[in-house]
Each structure stands twice: as C-alpha cells, then as structure tokens.
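Take a look at the letters that make up each chain.
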Amino acid sequence: MRILILGGTSEASALARALAGRTDLRPELSLAGRTRSPAPPPIAYRIGGFGGADGLARHLAAGGFHAVVDATHPFAETMSRNAAEACAALALPLVAFTRPPWAAGPGDRWTTVASAEEAADALGRKPRSVFLTVGRLSLPAFAVAPQHRYLVRTIDRPDGIDALPDHKLILARGPFEAKAEAALMREEGIEVLVSKDSGGAATRPKLDAARELGIPVVIIRRPAPPDVPVLHELESVLAWIEAHRP
Ligand code: NAP
C-alpha cells in the first residue's frame, strides 16, 4: 500500500513519525515549501506544488498511491480542495487529519470574522496596539490599517512587513505558555489580539492569556472544508489507513 500525506503541520509530522519504517505502507510526505528550513522528515518526502488538482492526480497515479491523508493546515483551502478533486477523479480514499477548532468559553471576548481583510476592518479606525498572530502570508491584508501599532509574531521572517509602518516583529514557533503570553501582552500594552482559528494546544495559550487580561480577540473563522471525513486523533488516522488497505 502507498499513502500520500499532505503536510505542513504538526499533525502531518506526527503521522510521518508514526509511519517511519513502515515499508508495508511506503508513505510519502508532501510539503508546500513555505517553511524556509523545515526539519528533514523521517519518511520519504517531496517539496513544492503539484500544479493544481490535475497535477496532484498525475502524481498519485504515477506513484501508485492507494490513499491520501490531507494533514494540511485548516486554512490551506486550495490544497484541500485540490486533494478532494484529485481523489474523487481517481476514486481514491481521502481523509482530513486536523485539529479541532477553538471554542470561546466564559470570559472570552471574541469577534469572529471570515477573512484577514475583515479582521483588519474589525480593528476599527482608532489606533490600537494589536498582537497579530495570523501567519506571515496573511500580513498584507493589514496594510489597509496602518494606523495601528502591530506586534507581529511569525515563524519565518515575512516579506513586505514594512507595509505596516508601526510594527515590532517577533520570530518564534510554538508551543507557547499562557503565563509568558500574558507577560508579553502586558509588557507590549496589547489592546486586541488577532488570530486564525487554527486550533490545537500549541498556540491556544495566547487566547487564555487574552481572557485573563480581558483583551478582546478577533478570530478569523476557518474556510469551509471540502466534503471529506475529518479525524482529529493520530490513532484514528492509523486505523483509517488500516481499514483502507487495498
Ligand atoms: P493553499 O493556499 O491551500 O495552497 C496553495 C498551493 O500551494 C496549492 O495549490 C499547492 O500548489 C501548494 N501546496 C499547499 N500545500 C501543499 C503541500 N502540502 N504539498 C504540496 N503543495 C502544496 O496553502 P497555504 O495556505 O499557502 O499553505 C501552504 C502550506 O503551509 C501547507 O502545507 C499548509 O499546511 C501550511 N500552513 C499553512 C498555514 C495557513 O495559515 N494557511 C499555516 C500553517 C501551515 P499546486 O496547486 O501547485 O499543487
């Protein structure tokens, strides 16, 4: 059996670790190539786009793959759509492996929006001190709101960040801790946090810190996923793979 894992997330890395050495599955991990120095995966891998759904279908057919695990980020909308299209065309089983979305609890002051553009708009006209944790590819949407002071946190150095005239950049990768997140927000005088609804434990502490400090949060809702089964636990994905042996 051959499995293709669409990656770029900690879920994909965990699955790759779990499948390392499984010569019966001959897994391949596919990365988009956005992270500048990714840690070398423990299984066979390839880097870069396929050339749309057709290109992915060609890759799947040429490689003799039997099933696909879409473990891309919940905001990787195009890749997930292409995976659904390519697998439907080849009648290959496909499952999404992702973290559940976050949910607001008592004391949370969340405004939910549909896009980074809407998030920039939701910050309002009055200058505010904003903690921007939306990932470097979504930063350009905030250029329309240059009146705010931005504390920007990304994994890799973003291009074109000078479009935000008043910014401070922190390069860091989770997991983060609520205590340190609260200290950072206090020190930086943060008045509002902006985040995607990425889900998962590694970056959740910023939301807990915001609640503790009474700071409002603008949350960018996930794009609607294609109609494929979704699993949240590694064990369930391993069982799904076993169940789809040809
Ligand atoms: P996207 O908009 O859905 O995808 C754009 C294009 O990038 C796809 O059409 C595909 O090119 C290529 N691509 C994406 N994921 C790929 C993969 N795993 N393997 C090979 N090609 C891939 O994706 P994105 O939002 O730019 O995200 C890119 C990568 O970063 C993904 O792997 C995702 O898991 C990861 N990531 C994204 C976010 C986020 O907030 N969007 C956050 C953390 C990590 P072709 O059409 O040429 O095949």
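See the structure shown above.
Residues numbered from 1 in each chain as written. Predicted model: local features only at pLDDT ≥ 70, side-chain atom pairs only at ≥ 80, totals over all residues. Heavy atoms only, no water.

### Observations concerning the side chain of arginine 204
Heads up, the condition is: Only DSSP runs of H or I reaching four residues or more are called helices, and only runs of E reaching two or more are called strands; each is numbered from the N terminus. Throughout this description, a polar contact denotes any pair of N or O atoms lying within 3.5 Å of each other; where both atoms belong to protein, one of them has to be capable of donating a hydrogen while the other can accept it, and for residues adjacent in sequence the pair is counted only when both atoms sit in side chains. A contact between two residues is defined here by any heavy atoms of the two lying within 4.5 Å.
As for its position among the elements, arginine 204 is in the loop between strand S10 (192-196) and helix H6 (205-213). Polar side-chain contacts of arginine 204 include one of 3.0 Å to the side chain of aspartate 208. Excluding residues that lie within four positions of it along the chain, arginine 204 makes contacts with Trp102, Ala103, Asp108, Trp110 and Arg211.

### Remarks on the environment of leucine 132
As a reminder, the rule being used: Burial here depends on accessible area, computed with a 1.4 Å probe over protein chains only, as a share of the maximum for the residue type. Under 20% is buried, over 50% is exposed, and the range in between is partly exposed.
Note on placement: leucine 132 falls in strand S7 (residues 129-133). Under the relative-accessibility criterion, leucine 132 is labelled buried at 0%. Through-space distance from the C-alpha of leucine 132 to that of aspartate 159 is 15 Å; in sequence the pair is 27 residues apart. Leave out the neighbours within four places in its chain, and leucine 132 touches Leu139, Phe142, Tyr150, Leu151, Val152, Arg153, Leu164 and Val194.

### Quick notes on the pattern of salt bridges
Here is the rule: Within this document, salt bridges are pairs made up of a side-chain nitrogen of Lys or Arg and a carboxyl oxygen of Asp or Glu, the two lying within 4 Å of each other.
For the structure shown, the criterion picks out twelve salt bridges. With its nearest N and O atoms 3.3 Å apart, the salt bridge here joins aspartate 108 to arginine 211. Separated by 103 residues along the polypeptide, aspartate 108 in the loop between strand S5 (94-97) and strand S6 (110-113) and arginine 211 in helix H6 bring together distant segments of the chain. Through salt bridges with shared partners, one network takes in Arg22, Asp24, Glu242 and Arg245.

### Observations concerning the sheet that holds strand S9 (residues 167-171)
By way of backbone hydrogen bonds, the strands of a sheet pair with one another, either parallel or antiparallel. Basically, it comes down to this: Strand pairing is assigned whenever DSSP identifies at least 2 bridges connecting the two strands. Every angle, taken between N-to-C directions, lies between 0 and 180 degrees, and every axis is a line fitted to C-alpha atoms, over only the stretch in contact when it is a helix.
As summarised here, the arrangement of the six strands in space is S6-S11-S10-S7-S8-S9, forming an open sheet in which the pairing is parallel. Each having just a single partner strand, S6 and S9 make up the two edges of the open sheet. Averaged over neighbouring strand pairs, the angle between their axes works out to 20° when direction is ignored. For S7 and strand S8 (residues 149-154), the ladder comprises four bridges, and the chain directions are parallel. Of the residues in S8, the one forming a bridge with leucine 132 is valine 152. Contacting S7, S8 and S9, helix H5 (residues 178-187) crosses the sheet at an angle of about 150° to S8.

### Describing the site of the ligand
To keep things clear, this is the line we draw: Here a residue is near a molecule or strand as soon as one of its heavy atoms is found within 4 Å of it. Per-residue accessibility takes into account occlusion by the displayed protein chains alone, with areas from the Shrake-Rupley method and a 1.4 Å probe.
Taken together, 22 residues are adjacent to the ligand, and Gly7, Ser30, Phe50, Met79 and Lys196 come closest. Within the backbone of alanine 76, a nitrogen or oxygen atom sits 3.2 Å from an oxygen atom of the ligand. Note that an oxygen atom of the ligand is positioned 3.3 Å from one of the backbone N or O atoms of glutamate 77. Starting from 810 Å² of accessible surface for the ligand in isolation, the protein chains cover 78%. Those elements giving two or more residues to the shell around the ligand turn out to be strand S2 (28-31) and helix H3 (77-90).

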